[in-house]
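If you want the building blocks of each chain, they are given just below.
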Amino acid sequence: MVALLVSGCSGAGEEQAAGGMKTDLLIGQYPGADSAPLFIAMERGFFREEGLNVRQEPIQAPQAVLPKLSNGQMDIVLGSYATILTIQEKGTEKFKYLADSYRGAPGGFGVMVAKGSPIRQVSDLKGKKVGVNIVGGLGTLTMSPHLRLAGLDPAPGKDVRYVVIPTTEWLSSLDKGSVDAVWMTDPYVSQAKKELGATMLLDTMSGPTEALPITGWAATEKWTRDNPATLAAFQRAMAKAQQVAATDRGAVTRILPTFTKIPAETAATITLGAYPTSLSARSIQRVADLMLEAGLLKQKADVSAMIYSAPAG
């Protein structure tokens, strides 16, 4: 079962369990299918069983909460592997991967265009504005090899003009025409189809990017060193939740409307990715290698060195 671990903050005045284990945790999460196991664990009392009091905070991207992670106000962050690798290379903060969370599936991640759009094929994106939640993140990474196959230069500022659009504004920006296309993930893909009549121009979980690892839980290196007991407790709770998500689609679709704006009827029909129950350095290395090829990393990253290993004994 997956080892889904958490980093803990060390703010003054927080309750500590016997033996000094930190019990109050704040988790940064994306309001999408990636975070479903976290909410399953909260709803079913898996954290309480481990003596943990867990709160969550919606985030746009890990970069936005780096100060909180570094100073201990936030304990763990769910981030795309592309984003965490970018932060790691820049040296802004050092992370350890704690667990895999979500893996892509065809139909659930892609570039959407509005109803009646003149953009009919990938090559038509040349010179166009494409919305992404962050430049250099999962959207630009998964588009890159497909753009190259269409004869376009995928580097930011070249053939495609990337525009940063918060997740909560993906649909409205496409509807208003402030951009020509938006890279989205489900359940927003399904919502765009149903509410706007939008169509998927490019499935970014197909071909060279099929079944790509999407997001994982990460903590600062310092926290993983300082809080092994809390880490183990969170691991046990999240392992149960990840197993539920991996084997019970209904559990995921039922929990989604409780922490997103996705209606229950939409959640019931979305395309879900996979919820892996193991953390594979080889799998994540594929993301790092794609980033290097796309120019999103300057040097080859050794993912195996970023995988958290519990101290011996």
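Bear in mind that the values here come from a model prediction, so they are computed numbers and not experimental data.

Asks: Please clarify how empty space enclosed by the protein should be interpreted in this entry.
Replies: To find leftover empty space, one rolls a probe the size of a water molecule over the atoms. For the structure on display, the rule yields one cavity of 30 Å³ or more. Together, 20 residues line the largest cavity, and Tyr30, Asp34, Asn133, Trp170 and Thr185 are the ones closest to its centre. At the level of secondary structure, the elements contributing two or more residues to the lining of the largest cavity comprise β8 (181-185) and β10 (213-220). Residues of the lining of the largest cavity, tallied by class, amount to ten nonpolar, eight polar and two charged.

Asks: Is there a simple way to think about the sheet that holds strand β4 (residues 95-103) in this case?
Replies: Working definition: the strands of a sheet are paired by backbone hydrogen bonds and lie parallel or antiparallel to each other. Sheet architecture is open: five strands sit in the order β2-β1-β3-β10-β4, paired in mixed fashion. In this open sheet, the two edge strands, each paired with only one partner strand, are β2 (53-58) and β4. Across the sheet, the mean angle from the axis of one strand to that of its neighbour is 25 degrees, orientation sign disregarded. Judged from the two bridges that link them, strand β1 (residues 24-29) and strand β3 (residues 76-80) form a sheet pairing that is parallel. Its bridge partner lying in β3, Ile27 is registered against Ile76. Strands β1, β2 and β10 of the sheet are contacted by helix α1 (residues 36-43), whose axis makes an angle of about 145 degrees with β2.

Asks: How should I be thinking about the sheet that holds strand β5 (residues 109-113) in this particular structure?
Replies: In space, the five strands of this open sheet follow the order β7-β6-β8-β5-β9, with mixed pairing throughout. Edge positions in the sheet fall to β7 (161-164) and β9 (199-203), since each has one partner strand and no second. Between one strand axis and the next, the sheet turns by 35 degrees as a mean value, whatever way the strands run.

Thresholds, definitions, all that
Residues numbered from 1 in each chain as written. Predicted model: local features only at pLDDT ≥ 70, side-chain atom pairs only at ≥ 80, totals over all residues. Heavy atoms only, no water. 1 Å grid on protein atoms, 1.4 Å probe; cavity = no way out; pocket = protein on both sides within 12 Å on 5 of 7 lines; lining within 4 Å. Points joined across faces, edges and corners; volume = space filled by probe spheres on them. Helix = DSSP H or I, 4+ residues; strand = E, 2+ residues; numbered from the N terminus. Nonpolar A, V, L, I, M, F, W, Y, C, P; charged D, E, K, R; others polar. Pairing = 2+ DSSP bridges. Axes fitted to C-alpha atoms, helices over the stretch in contact; angles between N-to-C directions. Contact = heavy atoms within 4.5 Å.

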